Amino acid sequence: MAKVMQFKTESKRLLELMINSIYSNKEIFLRELISNASDAIDKYHYLSLTEDKLPKKNDYEILISMDKENKTLTIKDNGIGMTYDELVNSLGTIAKSGSLEFMEKLKEANQNTNEIDIIGQFGVGFYSAFMVAKKIEVRTRSLYADQGYLFTSTGEETFEIDEINKEDSGTEITLYLRDNNEEYEYDRFLDEWTIKSLVKQYSDYVRYPIKLLKEKEETEEEQKETEEKKDQSETKDQEPIVEYETLNSMTPIWKRNKNELEDKDYNEFYKQKFYDGSDPLMHVLVNVEGKVNYTALLYIPSQPPYNLYSEKYEKGLQLYCKGVFIMDKCKELLPDYLRFVKGLVDSSDLNLNISRELLQKSKILKDIADNVEKKIVSKLEGLMKNDFEKYLSFYKNFGLNLKFGVYDDFGAKKDLLKDLILYNTVYEEQMISFKQYVEKMKEDQKYIYYVSAKNKEAVMAMPQMDVIKKHGYDVLILTDDVDEFLIRILDKYDDKEFKSINQGDLDLLDDESKEKIKELNEEKKPLLDALKEALKDEVQDVILSKRLTDSAVCLVSSDGVSFEMEKVLSSMPNSQGVKAERVLEINPNHALFNALEKVYLNDPTSIADYANLLYSQALIMEGFSVKDPVEFSNKMCELMIKAAK
Ligand code: ADP
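Okay, so let's go over this structure. (Residues numbered from 1 in each chain as written. Predicted model: local features only at pLDDT ≥ 70, side-chain atom pairs only at ≥ 80, totals over all residues. Heavy atoms only, no water.)

1. Observations regarding a negative patch on the surface
Alright, step 1. Negative charge collects at one region of the surface, where Asp510, Asp511, Glu512, Glu515 and Glu519 lie side by side.
Alright, step 2. For Glu515, the location among the structural elements is in helix α17 (residues 511-523).
Alright, step 3. For Glu515, a relative accessible area of 41% translates into the label partly exposed. (Patch = residues over 30% accessible without salt bridge, like charges linked within 9 Å, V, L, I, M, F, W, Y side chains within 5 Å. Areas by Shrake-Rupley, 256 points an atom, 1.4 Å probe, with all protein chains shown as cover. Salt bridge = Lys/Arg side-chain N within 4 Å of Asp/Glu carboxyl O. Lys, Arg positive; Asp, Glu negative; His and termini not counted. Charge placed at Lys NZ, Arg CZ, Asp CG, Glu CD. Helix = DSSP H or I, 4+ residues; strand = E, 2+ residues; numbered from the N terminus. Buried < 20%, exposed > 50% of the residue type's maximum accessible area, 1.4 Å probe, protein only.)

Below, the structure written as structure tokens:
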């Protein structure tokens, strides 16, 4: 006698949602049913290894068949099956955490369209089949039971359970497909091609063969034969001619023996899987067994994806669990600065139906992510050491990401990444690392010098280079907006402090010269005070320079915010108008300084004009624009006329 039972409340809500789902990705039901089948076989297999009495099987398989006439799709496995209680408990109730989590989310999202996204993010298991089926029959027999059962439901209020005869342990699920409507063509699941491509897409690497029952097309001859036979006898119905086709490749490339494969195999896989026309720059295969077990196959593309720096770009690795595809872009697996990395992680320690939220918090995932990060970084270090040319080509494409990696999170990753950073310098032909810079430092050199500039030529023309050139010290040339921020975060490299050539005190003079400047400062105080007074709204200070030897003046900033930082910050939205503190430096050994003294002695009132002109020039040299270009030009003309008199 059939027994009718009520679904539990939560299940009802989930079923309701599935039935009324407008979710376009209805096809995921197949993945869910196949992975349940694969789990059931896993369990059987495991038990057969541990329990002697159990009949061993070596024909594990998942069979898919369709009946076009009755519009049914059947998925059958020879796994562990379900007992009566298991059937009621597993299919009558939502027990698993993923689904519960899913329900919670759903309540939050409520009427919202977010529902659609939510389904996509969760494995919703068996019930997802109601997205495509108006009725489902489950025929199952547990390995431990003599009796088989039939579970039938339309997914509404109730389900029914009957006793049936079933020879083998295992489960057979028959879906009565919904009728096509304007929004969706359910008949597509009766199409071989659809099923084949869905299996390829979602379940290719399931370890057991997924076989499709093909109705063999009869040749003309065979047809004739059949006709004849029919005519000759009234024998029982003709057995249909059937054949199975295995749809999945079963062993994923990342599980195959490395030694059997060549680079080109991995490259081919990359191109297919990640839709890139060119070979990757390199791949990394990581196999970890221990506390957490997983395999990762990672790729660094040779070119940045066209949208890498757009907001739409989604980072992440594909995530598999025991060969079953879980999601396409698991962003928890990659830090932001490695957003360009492509690849996948396959772990036997994850639960297929784990929800997004739980996944984010998962310790296992975190461990894997940490390890993946370290692997990629060490691979890049290796590349830099062994094939610098190749590393350079990588760095030109992705170096900016690494720089952000150093800077992000208040420098949390700076020690991991600092040796991957390269800069051009004034004297080196090729880019060099901090390490190389330090190795080549002059004996008396205390600091690592840097400056923000377009290129070498621009740096060499800077007045601030005067004293540095005299010492022959090399200078790192910073070109990206993030660079000065990165240097600030690093603070030091190998105990050597960084020093900007146009900020603060360069500290390069010997004691005698320092003393001399000090004396001069006293001596020339009235002039300096007059200049300061004239520029009091523009600069913090006017001082005698310790860095200029050949040039007349320059503008520097005091130790806090630099000019470059000011430019970057002010170009950002919501910039707070952060300004670098300006200091005008004058070279006391330059003829101009003598000229200023003369002007001051003869006509103190005109010193203000001179001060403003000097300041404007210094601004221009620093790449700023002058406050009032017309005024600047007029003053300049006046001065020239005066000089000609
Ligand atoms: P999940 O697979 O995440 O547990 P499902 O709703 O898909 O969620 O399935 C619920 C339970 O039903 C499974 O945990 C399993 O115990 C049982 N089940 C589902 N399909 C099968 C199957 N083909 N063979 C044996 N048991 C199954």
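2. Describing the pairing of strand β3 (residues 72-77)
Alright, step 1. Most of β3 sits inside the fold, with 5 of its 6 residues counted as buried.
Alright, step 2. Relative to β3, strand β2 (residues 62-67) runs antiparallel, the two sharing 6 bridges. Of the residues in β3, the one forming a bridge with Ile64 is Ile75.
Alright, step 3. Taken together, β2 and the strand that follows it, β3, pair antiparallel across an intervening segment of 4 residues, in which Lys71 is found at a positive phi of about 55°.
Alright, step 4. With 6 bridges joining them, β3 and strand β7 (residues 170-177) adopt antiparallel strand pairing. Its bridge partner being in β7, Thr74 is matched across the sheet by Thr174. (Pairing = 2+ DSSP bridges.)

3. Details of the packing of helix α2 (residues 28-50) against helix α6 (residues 192-203)
Alright, step 1. Direction vectors running N to C along α2 and α6 enclose 65°, while the axes themselves pass 10 Å from each other. Put simply, α2 runs roughly perpendicular to α6. Handedness of the crossing formed by α2 with α6: right-handed. Taking contact as the criterion, the partners of Ile28, Leu30, Arg31 and Ile34 in α2 are, on α6, Ile195, Leu198, Val199, Tyr202 and Ser203.
Alright, step 2. The residue inventory of the contact of α2 with α6, partitioned by class, reads 7 nonpolar, 1 polar and 1 charged. (Axes fitted to C-alpha atoms, helices over the stretch in contact; angles between N-to-C directions. Parallel < 35°, antiparallel > 145°, perpendicular 65-115°, else oblique. Left-handed = near helix turned anticlockwise from the far one by under 90°. Contact = heavy atoms within 4.5 Å. Nonpolar A, V, L, I, M, F, W, Y, C, P; charged D, E, K, R; others polar.)

4. Things to note about the packing of aromatic side chains
Alright, step 1. In the structure shown here, the tally under the stated rule is 29 aromatic pairs.
Alright, step 2. Measuring from ring centre to ring centre gives 4.9 Å for Phe7 and Phe159, while their planes differ by 50°; the resulting arrangement is tilted. Of the two residues, Phe7 sits in the loop between β1 (3-6) and α1 (9-19) while Phe159 sits in strand β6 (residues 158-164), which places them 152 residues apart along the sequence.
Alright, step 3. By relative accessible area, which is 3% here, Phe7 ends up buried.
Alright, step 4. Owing to a relative accessible area of 2%, Phe159 belongs among the buried residues under this scheme.
Alright, step 5. Pairing Phe151 with Phe159 gives two aromatic rings, centres 5.3 Å apart and planes at 25°, and the pair type is stacked.
Alright, step 6. By the ring-pair criterion, three or more aromatic residues cluster together here, those being Phe7, Phe126, Tyr127, Phe130, Phe151 and Phe159.
Alright, step 7. For Lys499, the ring lying beneath its charged end belongs to Tyr447, and the centroid distance is 4.6 Å. (Phe/Tyr/Trp six-rings, centres within 6.5 Å; stacked < 30°, edge-to-face > 60°. Lys NZ or Arg CZ within 6 Å of the ring centre and 35° of its normal.)

5. Quick look at the state of the cysteines
Alright, step 1. On inspection of all chains with the given rule, the structure shows 0 disulfides.
Alright, step 2. In this structure Cys321 is not part of a disulfide, and its nearest cysteine sulfur, from Cys330, lies 12 Å away. (Disulfide = S-S within 2.5 Å.)

6. Remarks on the sheet that holds β6
Alright, step 1. Taken in spatial order, the 9 strands of this open sheet run β1-β6-β5-β4-β7-β3-β2-β8-β9, and their pairing is mixed. In this open sheet, the two edge strands, each paired with only one partner strand, are β1 and β9 (242-246). If you compare each strand with its neighbour and ignore which way they point, the axes differ by 20° on average.
Alright, step 2. The sheet contacts of α2 involve β2, β3, β7 and β8 (210-215), and relative to β3 the element is tilted by about 25°.

Fair warning: the whole summary comes from geometry, so function is off the table for now.
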